[in-house]
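Now for the letters of each chain:
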Amino acid sequence: MNAPTLVMIPQADPGAGYRAQKAEIDAAVARALDSGWYILGKEGAAFEAEFAAWLGAGQHAVGCANGTDALALVLRGLGIGPGMSVATVSHTAVATVAAIEMVGATPLLLDIDPDTYTMDPDELASVLDHPPPGLPPLRAVIAVHIYGQACDLGPMLDACNARGIPLIEDCAQCHGATLDGRMLGTIGTAAAYSLYPTKNLGALGDGGVLSTADAELAERIAAIRQYGWRERYISSLVGINSRLDEIQAAILRVKLTALDAGNARRRAIAGAYDAALAGSSLAPPHRRPGAEHVFHQYVLRTEDRTAIQAQLKAHGVGTGIHYPVPVHLQSAYKDRTPLGPAGCAETAKAAGEVLSLPMYPELTDAQVERICEALRGL
Ligand SMILES: *Cc1c(COP(=O)(O)O)cnc(C)c1O
């Protein structure tokens, strides 16, 4: 007899998210197609209003083409450009750093706290007090809430506010996460969200959105995203083209209705993984007190990554690495991107040890149990 074939559980599965809401999504796409209006129309405006209302805290939302553009649009809207530096981390999607260079500014890459993988607020305070020699003046900070959990925002905001420097939240991985009861993305000057298919709120194509409580800033950025137009064909500002299309906006309106339940399901799956790891050699991910995690990723840390990955694979469990090479060690950035005094040492160490388990709301109870069974054996 043949051994039963082991069906791999993928680490991410955006198709499952579509299938879970297929009838509603198909109807929304048909509505957008039938409307005869495909870019910046009723669906986009409704998505912006619904997303802003979901965030609360007096936010205004502006849709755009992707999360990288959302960050770059926020920077442009704040007047950040050539001759200025922006501090962020190297332990992030390369997009965060790419957005800074897209507007002509210089990224300054700081190290992380090894437990939460987020920016070390002491190093931030130190570079604000003593900027590295030769660095253009620091004019903004991008805080990355990596894996779905908040940065240590309190001291970071204190450091920025004391110097009148805007703090921008990179919320590409944290839609719906909170810190001390406040929704991430509503705490800093402005926030940028990716709507890439695998994100907690994902389109079925590219998409991005940004938010701010500053109505004037939102209005300026909305003009910048379309050639600087405030009226058709007339550019009152220098702009770019970064629009969210009507089909994606219609899909996102459906997806938004499932976001809170999806985040709750992610937390329940994380709880099951935590319990399964109790008897193993691996520790569950650290939770920051006061922060509600939305588990964009459930990340383990191990010096035996290759062996653990192989063991999980043998049990049919797919894994991912977010991210295998930190930005400052990638050939496009290496040896030319300024680092903070810590030299990103913890970042480099983490990149060699992090391992992401399967994590999406559509994982079935049976799949979660199979993954837990594999974790108990580690
Ligand atoms: C996904 C992601 C982005 C970029 O988003 P795109 O939509 O792919 O441009 C930016 N920052 C972080 C932290 C991300 O995870």
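For the structure, see preceding data.
First things first, this report covers the structure right here in the doc.

Thresholds, definitions, all that
- Residues numbered from 1 in each chain as written.
- Predicted model: local features only at pLDDT ≥ 70, side-chain atom pairs only at ≥ 80, totals over all residues.
- Heavy atoms only, no water.
- Near = heavy atom within 4 Å.
- Polar contact = N/O pair within 3.5 Å; in protein donor to acceptor, adjacent residues only side chain to side chain.
- Areas by Shrake-Rupley, 256 points an atom, 1.4 Å probe, with all protein chains shown as cover.
- Helix = DSSP H or I, 4+ residues; strand = E, 2+ residues; numbered from the N terminus.
- Nonpolar A, V, L, I, M, F, W, Y, C, P; charged D, E, K, R; others polar.
- Pairing = 2+ DSSP bridges.
- Axes fitted to C-alpha atoms, helices over the stretch in contact; angles between N-to-C directions.
- Contact = heavy atoms within 4.5 Å.

## Structural notes on the site of the ligand
The immediate surroundings of the ligand are formed by 14 residues, with Gly 67, Thr 68, Asp 170, Ser 194 and Lys 199 found nearest. Within the backbone of Gly 67, a nitrogen or oxygen atom sits 2.8 Å from an oxygen atom of the ligand. In this structure, an oxygen atom belonging to the ligand sits 2.8 Å away from a side-chain N or O atom of Gln 173. A total of 380 Å² of accessible area belongs to the ligand in isolation, and the protein chains cover 88% of it. Among the secondary structure elements, those contributing two or more residues to the shell around the ligand are helix H4 (67-77) and helix H5 (94-102). Residues that form the shell around the ligand fall into these classes: five nonpolar, seven polar and two charged.

## Regarding the sheet that holds strand S5 (residues 167-170)
Taken in spatial order, the seven strands make up an open sheet running S1-S9-S8-S5-S4-S2-S3, and their pairing is mixed. The outermost strands of the open sheet, each flanked by one partner alone, are strand S1 (60-64) and strand S3 (106-110). Each strand axis lies, on average, 25 degrees off the axis of its neighbour in the sheet, ignoring direction. Judged from the three bridges that link them, strand S2 (residues 85-89) and strand S4 (residues 138-144) form a sheet pairing that is parallel. The partner of Ala 87 across the bridge, within S4, is Val 141. On the sheet, helix H6 (residues 121-129) packs against S2, S3 and S4 and is oriented at approximately 135 degrees with respect to S3.

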